[in-house]
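In case you want the letters, here they are:
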Amino acid sequence: MSRENFLIPSAIEAIGSTPLVELSRITKNLDGKILAKLDYLNPGFSKKDRIARQIIEDAEENGELNPGQTVVELTSGNTGTGLAIVCAVKGYPFVAVMSKGNSSERARMMRALGAEVVLVDQLPNSVPGQVSGGDLELVEIKAQKLVKERKAFRADQFQLVGNFRAHYLQTGPEFIKQSKGKIQGFCDFIGTGGTFAGCAAALKEHDPSIKCFIVEPKGTAVLAGKIVTNPNHRIQGGGYSMTDLPYLKTEYVDGFIEISDEEAIKRARQLAQQEGIFAGFSSGANIAAAIQLLKGPLKGKTIATTINDSGLKYLSTDLWE
Ligand SMILES: Cc1ncc(COP(=O)(O)O)c(C=O)c1O
C-alpha cells in the first residue's frame with residue numbers, strides 16, 4: 001500500500017513501501033547503478049519493522065499468540081524496536097532481550113516504546129559495540145528462560161518463517177516494481193538471513209538471472225566456508241558466525257563478499273555526505289559490497305540493496321566522529 005493519500009489506522013500500516021533511490025553520486029566514477037531501498041524510513045527506523053509485523057500477524061492468524069499474551073524476543077535492537085511498535089499498537093506486553101554490546105540508543109528507544117528491556121552481559125573477552133556469536137548465545141539462553149517464566153510467545157526471528165515471508169511478500173516485490181524490473185544483482189549483509197533469502201527468492205522468481213550475493217564481515221565469513229579470525233567486528237545486526245540459518249537456501253546464493261569494518265564505516269559516511277542518507281554500519285557494508293560488485297563481476301549492471309537502519313542508532317559510537 002502506498003503511504004500517500006491514505007489515512008491509516010495505525011503506525012503498523014506505515015511499515016514498508018519505502019522509497020528506492022538511485023545512488024548516482026556514489027557511483028559517479030563507476031560503471032553501473034546502485035539502487036538503495038530506504039528502509040530506515042520505517043516507523044522504527046529499520047527494515048526489521050517489516051518482520052515484526054509479519055511474525056506477529058502470522059502468530060495471531062495461526063493461534064500461537066493470544067490477546068494480551070507477552071511477546072519475548074532476542075534482538076540487536078532493531079527487531080525489538082519493530083516488535084515494540086507492533087505490540088504497543090496491538091496491546092501485547094513486549095520483553096526485548098539484548099546484549100549489553102549493542103548501542104544504548106536501541107535499549108532507550110525500545111523502553112520509550114513501552115518495552116521491558118533485559119540487557120545481558122557480554123562474555124569476559126568481548127568488547128562493547130562488538131557483539132560476537134558467543135555474546136548472542138548468552139542472550140538466547142536468557143530469552144528462552146524468560147519465555148518459560150512468562151508463558152510468552154517467542155517472536156523468534158531466527159526460526160519463524162514470518163521473517164522470510166516479510167521480505168518475500170513485500171521487500172522483494174517492491175524492488176521489482178520500483179525498478180520496473182531492471183535489477184540485475186542484489187547483495188545484503190546477513191544477520192538472520194531473512195532479508196537476503198526473502199528478497200533473493202522474490203527476485204529470482206521474477207528473473208532467475210538476477211545474481212544474489214551474501215555480505216559478511218571480513219574475518220567472520222562462515223557462510224562462505226571460512227574460519228572465524230575476527231569475531232569482534234563492528235558491523236552491528238549480523239555477522240554472528242552462524243551457519244544454521246533456516247531460510248538461506250544455496251539456490252539463492254551466487255557468491256559471497258567480505259567487508260571490513262573500515263570499508264563499512266567509509267561507505268556509511270559517504271552515504272551521509274554525498275547522498276544525504278543517514279544510515280548505520282551494515283548499510284555501509286551493503287554499499288561497499290555493491291561497489292565491489294560493480295568493480296568486479298557485475299560491472300555495468302544495476303544492483304539493489306537495502307539501507308537497513310538509521311544513523312541515529314549509532315550516535316553513541318564513533319561512526320559519526
Ligand atoms: C542494522 C541491521 N543490519 C542488518 C541486519 C541483518 O538482516 P537480516 O536479519 O534480515 O539478515 C539486521 C538484523 O537485525 C540489522 O539490525
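Everything below is about the structure shown above.
Just so it is clear, the model here is predicted, and its values are computed rather than measured.

Engineer: How would you explain helix α4 (residues 133–150) if you had to name every residue and give the values?
Structural biologist: The end-to-end C-alpha distance of α4, which contains 18 residues, comes to 26 Å, matching closely the 26 Å that a straight helix rising 1.5 Å per residue would cover. What α4 keeps buried is the set Gly133, Asp135, Leu136, Val139, Ala143, Leu146 and Val147. Seen along its axis, α4 keeps its buried residues to an arc of 140°; they face one direction. Structural note: α4 exposes Glu137, Ile141 and Lys148 on the side pointing more than 90 degrees away from its buried face. Those residues of α4 hidden inside the fold are in contact with β3 (71–74), β4 (94–99), β5 (116–120) and β6 (153–154). Taken from the residues just after α4, Lys151 is the one with a positive phi, measuring 50°.

Engineer: Pulling in residues and values, what's your account of helix α7 (residues 261–275)?
Structural biologist: The terminal C-alpha atoms of α7, which comprises 15 residues, lie 20 Å apart, in line with the 21 Å expected from a rise of 1.5 Å per residue. Among all positions of α7, only Asp261, Ala264, Ile265, Arg267, Ala268, Gln270, Leu271 and Glu275 are buried. Buried positions along α7 lie against β1 (20–22), β9 (255–259), α8 (281–295) and β10 (302–307). Looking at the residues trailing α7, positive phi occurs at Gly276, about 70°.

Analysis parameters
- Residues numbered from 1 in each chain as written.
- Predicted model: local features only at pLDDT ≥ 70, side-chain atom pairs only at ≥ 80, totals over all residues.
- Heavy atoms only, no water.
- Helix = DSSP H or I, 4+ residues; strand = E, 2+ residues; numbered from the N terminus.
- Expected span 1.5 Å × (residues − 1).
- Buried < 20%, exposed > 50% of the residue type's maximum accessible area, 1.4 Å probe, protein only.
- Arc of directions from axis to C-beta.
- Contact = heavy atoms within 4.5 Å.

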